Amino acid sequence: MQKSLRIAAIAAACAVTGAALYGAGAATAGQSTANSTHEPYNIGLLVKDIDTYYGTTLDANGVYQASATSPYAKDLAALDKAARKYIDHAARKAHHQGDKPAVVFDIDDTLLLSLDYEKRYNYTYDSASWAAYVNKADRPGVFGSAGLVRYAEKKGVEVFYNSGLSEAQRSAAVENLKRIGADVNLDAGHMFLKDTANPPSYLSSCAGAGTWTCTTVQYKSGTRKHIEKDLGYEIIANFGDQYSDLDGGYADRTYKLPNPTYFVG
């Protein structure tokens with residue numbers, strides 16, 4: 001994941017109140033850019049609010065974990081309930097019409113929780129430390145995420161992954177997803193990772209051999225277009241924790257998961 005910008009304040013107001021919004025085009029924060037027209041929220045208090053939202057605790061192994069009874073977990077449970085109801089309906093409709101329904105999941109903080117990294121590095125980003133963290137392949141699952149992946153598969157919906165993780169991190173991502181129980185379609189034909197050295201032809205408008213200029217939105221929407229136009233699927237739902245996971249079309253419905261710890265434009 002290339003975290004181009006980390007702004008802990010994004011989504012804080014919603015995180016504190018727990019009033020997250022879900023569904024087509026909805027998002028947890030109600031905004032996609034920072035607002036610098038007034039004094040920002042105090043960062044020390046913000047960190048406390050984030051900890052309260054996640055119910056952050058250190059486990060016996062010294063790893064920061066989110067609480068299953070936290071406001072964060074409750075928001076995810078509401079999303080999961082709504083998404084399952086929609087997937088069931090949309091899958092039956094697609095099958096009746098002879099279409100091939102699919103769902104697309106981002107990975108970082110959509111399926112695999114990075115709270116321990118955020119806390120340990122004080123909500124900053126360093127490519128080396130992030131790579132080492134990902135390669136440990138021991139991140140916990142975002143609450144409900146593995147179950148939702150398996151639910152989609154059970155309903156006859158093709159599962160795809162569309163992540164900003166690099167191609168070099170593929171084996172770690174596969175291992176970690178297996179570990180949390182999301183062992184569905186983890187092959188290269190279903191898991192799309194960022195390959196800046198050898199970009200696929202369907203991203204030719206912004207990437208070529210040795211040249212990568214794709215924004216996150218271009219990369220992710222271009223991949224979804226490939227799934228629909230080239231592979232012949234109808235993406236009934238697209239799940240991500242960032243606006244850039246969802247923008248750009250090629251999905252019937254989008255689901256924005258809560259993430260008050262960083263922002264990727």
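Residues numbered from 1 in each chain as written. Predicted model: local features only at pLDDT ≥ 70, side-chain atom pairs only at ≥ 80, totals over all residues. Heavy atoms only, no water.

Q: Honestly, the overall build of the protein chain in this entry has me stumped. Any pointers?
A: On a plain count of helices and strands, the protein chain comes out with nine helices and nine strands. Counting all 265 residues of the protein chain, 51% fall into the buried class. A fraction of 69% describes how many contacts in the protein chain between residues 6 or more apart in sequence connect residues 24 or more apart. Surface exposure of the protein chain reaches about 11,900 Å², of which carbon and sulfur atoms provide 51%. (Helix = DSSP H or I, 4+ residues; strand = E, 2+ residues; numbered from the N terminus. Buried < 20%, exposed > 50% of the residue type's maximum accessible area, 1.4 Å probe, protein only. Contact = heavy atoms within 4.5 Å. Areas by Shrake-Rupley, 256 points an atom, 1.4 Å probe, with all protein chains shown as cover.)

Q: I tried to follow the packing of aromatic side chains on my own but got confused; where do I start?
A: The way to describe two aromatic rings as a pair is by their centre distance and the angle between their planes. Evaluated as defined, the whole model comprises 16 aromatic pairs. Plain terms: the ring middles of Phe239 and Tyr255 are 4.9 Å apart, the flat faces sit at 15° to each other, and that makes the pair stacked. Of this pair, Phe239 sits in strand β8 (residues 234-240) while Tyr255 sits in strand β9 (residues 254-256), placing them 16 residues apart in sequence. Each member of the pair, Phe239 together with Tyr255, is buried. Ring-pair connections join several aromatic residues into one group, and the members of that group are Tyr53, Tyr54, Tyr72 and Phe143. The ring centre of Tyr233 lies 4.2 Å from the NZ or CZ of Lys100, which sits over that ring. (Phe/Tyr/Trp six-rings, centres within 6.5 Å; stacked < 30°, edge-to-face > 60°. Lys NZ or Arg CZ within 6 Å of the ring centre and 35° of its normal.)

Q: It is not clear to me how the nonpolar core should be interpreted in this structure. Could you clarify?
A: One broad rule of soluble globular proteins: the nonpolar side chains tend to lie buried together. Ranked by size, the top nonpolar core spans 51 residues in total, and within it Val103, Phe105, Ile107, Tyr161, Leu177, Met191 and Phe239 carry the most contacts. A per-element tally of this core places helix α3 (residues 71-96) first, with eight residues. Setting aside chain neighbours within four positions, we find Val103 in contact with Ile87, Ala152, Val157, Glu158, Val159, Phe160, Ile236, Ala237 and Phe239. Grouped together as the second largest cluster of nonpolar side chains are seven residues, Ala102, Val104, Phe160 and Tyr233 included. (Core = buried A, V, L, I, M, F, W, Y, C linked by side-chain atoms within 4.5 Å.)

Q: In this structure, what is going on with the pairing of strand β4 (residues 158-166)? I would like to understand it.
A: Regular strands show a simple pattern: their side chains alternate between the two faces of the sheet. Among the nine residues in β4, seven count as buried, and that is most of the element. Bridge count for β4 against strand β5 (residues 191-194) is three bridges, and the pairing is parallel. Bridged to Tyr161 within β5 is Met191. Traced from β4 through helix α7 (residues 170-180) to β5, the parallel crossover comes out right-handed. (Pairing = 2+ DSSP bridges. Right-handed = clockwise from strand over helix to strand, strands pointing away.)

Q: Would you mind showing me how to read the packing of helix α2 (residues 43-54) against α3 here?
A: Two packed helices can be described by the angle between their axes and the distance between those axes. Two elements in contact, α2 and α3, have axes whose closest approach is 5 Å; the angle formed by their N-to-C orientations is 55°. What the angle tells us is that α2 and α3 run oblique. Here α2 contributes Thr52, Tyr53 and Tyr54 to the contact with α3, which in turn contributes Pro71, Tyr72 and Asp75. The residue inventory of the contact of α2 with α3, partitioned by class, reads four nonpolar, one polar and one charged. (Axes fitted to C-alpha atoms, helices over the stretch in contact; angles between N-to-C directions. Parallel < 35°, antiparallel > 145°, perpendicular 65-115°, else oblique. Nonpolar A, V, L, I, M, F, W, Y, C, P; charged D, E, K, R; others polar.)

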